[in-house]
Amino acid sequence: MDGEQLTKDKYEKIMDIAKRRGFIWPSFELYGGAAGFYDFGPLGAPMKKKIIQKWRQHYVVEEGLLELESPTITPEPVLKASGHVDHFTDVMTECKKCSASFEVTELVKEETGDDIEGLSKNEMENYLKEKKITCPECDGKLGEVYEFNTMFRTAIGPKEDRKAYLRPETAQTIFIDFNRLQRIARRKLPFGVTQIGRGYRNEISPRRGVIRLREFTMAEAEIFFDPDDPSHPKFSQVSDEKLRFWPSENQEEKSRELTEKTAREALDEGIVCNELMAYHLAYAKKFLISLGLPEDSIRFREQLPGERAHYSQETWDMEVKSEKFGWVEVAGFAYRTDYDLSQHSKSSGTDLTVFTQNDDDGKKVLCHVVEPSYGIDRPLYCILEHAYTEDDGRNYLKLKKDLAPIEAQVFPLVAEEELEKIGKSILKKINSTGIFAEYDDSGSIGRRYARADEVGVPFCITVDHRTPDDSTVTIRERDTTDQIRVKIEDLPKTLCKLLNSEIEFEQAGEKV
Ligand SMILES: [Zn+2]
């Protein structure tokens, strides 16, 4: 079996588990489906909430950023001012024979492996001709290359007289609420605001499963700072963090070489634009590691000048290596300068400067912005892929304990009334402490362990024949299959500590 075949099988195995057990599946299946939309099932939905919860813990609770929640429907003037109406485009072409549509850079990547992002429309058209690229569906000739605005259009009111769009990013309302937000932040710079919610992008031809969605969950943060002082008060806490960079000049030379630097070195050597950017790249890497993604699967790729969004002066993509999809962008870090505040100020006629209190004399500044912007759906897929483990005929999801959708499972060893009764009362007790546990009494104990392993349940609790005598049960750990015995009365507390990694498994009870 060659490597590619192995990979393909692994992807199919993961998607089989995802659909069969309820992580993710394509939406609207009953009506033939619609590319670019996925449902998160009974296991995927809680797991996604846990990723979001961790993100909030990192960015809102620990980093102290403010949180905002705004409508996803956005009136046109907002997105006209932000430049999205004119610039939020992808380059597309259509087949002259079967009229299938293609996003040009993706088509080229699939057909030739080349990355032509950043080329002009004309250059792309010439490239397609030169390489004699035809329609992958029917081999027909491709038409001209043109720009397509990827925002979903809608309208407000019964007469539909106010044009609007589904938001392409969550950032814009943070900019237009700036005056309120900076007062709430008591005008201290830098300060940041986050927003977690749905974003929409009418992708031309999404063909990469859950990686290319038309409706997705984003978690964004806009960090406002005085352009004369882009320092971060906690930079020293992450400055030694080692990061792997792929700067744009290396990409232009077609060099695959990554440069490993600490955040401090990247700042001092001018690889990244300022201290806030260096801080947030290092902070983001720590966040991904907390999700269980391995360090060597993370890199930062600088976007090429022609590839950057219209508002950005420097953008780093944080990418995670996927066996199926190659390097997958899971977050982008854009230096948006004062572009957005300046546009909204001009367009609305409102002063969006702030009087800083950082200096003795104080001064008025139009803040600059560094923006960490995450997708939440892609990391979820990457986590599943990296967690999938085959070991000695056993397969299990090696999820971080605090990301596992089902946290514990309770089994009676055999179908006996006494054991079942104790099992159900244990379940009730555990559930009431906030642990998401389930009860399973169907099939052999071996099959039940296998079912639990397949979806990454970290701990299985078994009620056996000793339980009625001494009020103890066994806990089995997923990764090692080791077992310990604990008293039923200690179970909720012990499980909590285990799930939060506050104690080692061997120390949590008597080894079996
Ligand atoms: Zn065709």
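Residues numbered from 1 in each chain as written. Predicted model: local features only at pLDDT ≥ 70, side-chain atom pairs only at ≥ 80, totals over all residues. Heavy atoms only, no water.

A. Molecular detail of the coordination of the zinc ion. The zinc ion binds to the protein through Cys-95 (SG), Cys-98 (SG), Cys-135 (SG) and Cys-138 (SG), with metal-donor distances spanning 2.2 to 2.4 Å. Given four donor atoms and angles of 99 to 114 degrees at the metal, the environment of the zinc ion is assigned as tetrahedral. All donors to the zinc ion come from one chain, and their sequence spacing reads C-x2-C-x36-C-x2-C. Here Cys-95 is found in the loop between strand E5 (89-94) and strand E6 (101-103), whereas its partner Cys-138 is found in the loop between helix H6 (121-130) and strand E7 (146-149), with 43 residues between them in sequence. By relative accessible area, Cys-95 is classed as buried at 3%. (Donors = N, O, S within 2.8 Å, 3.2 Å for Na, K, Ca; no water. Tetrahedral: all angles 85-135°; square planar, octahedral: opposite > 155°, others 65-115°. Helix = DSSP H or I, 4+ residues; strand = E, 2+ residues; numbered from the N terminus. Buried < 20%, exposed > 50% of the residue type's maximum accessible area, 1.4 Å probe, protein only.)

B. Expanded view of the pairing of strand E12 (residues 242-246). As defined by bridge partners, E12 adjoins strand E13 (residues 259-262) across four bridges and the pair is classed as antiparallel. Opposite Phe-245, over in E13, you have Thr-259 as the bridge partner. With two bridges connecting them, E12 and strand E14 (residues 298-302) associate as parallel partners. Of the residues in E14, the one forming a bridge with Trp-246 is Arg-301. (Pairing = 2+ DSSP bridges.)

C. Geometry of the pattern of salt bridges. A full pass over the atoms with the stated rule returns 41 salt bridges. Notably, a salt bridge pairs Glu-241 with Lys-286, separated by 4.0 Å at the nearest N-O pair. Linking Glu-241 in the loop between strand E11 (215-225) and E12 with Lys-286 in helix H11 (residues 275-290), this pair joins segments that are 45 residues apart in sequence. Each of Asp-90, Glu-106, Arg-201, Glu-203 and Arg-212 takes part in salt bridges that share partners, so that together they form one network. (Salt bridge = Lys/Arg side-chain N within 4 Å of Asp/Glu carboxyl O.)

D. The arrangement of the environment of Arg-485 in detail. By the secondary structure assignment, Arg-485 is in strand E26 (residues 483-487). Each C-alpha atom, one on Arg-485 and one on Tyr-335, is 54 Å from the other, the two residues being 150 residues apart in sequence. Those residues in contact with Arg-485, other than ones at most four positions away along the chain, are Asp-464, Arg-466, Thr-467, Asp-470, Thr-472, Val-473, Thr-474, Gly-509, Glu-510 and Val-512. One polar contact links Arg-485 to Asp-464, side chain to side chain, over a distance of 2.9 Å. (Contact = heavy atoms within 4.5 Å. Polar contact = N/O pair within 3.5 Å; in protein donor to acceptor, adjacent residues only side chain to side chain.)

The values are spatial; any link to function lies outside them.
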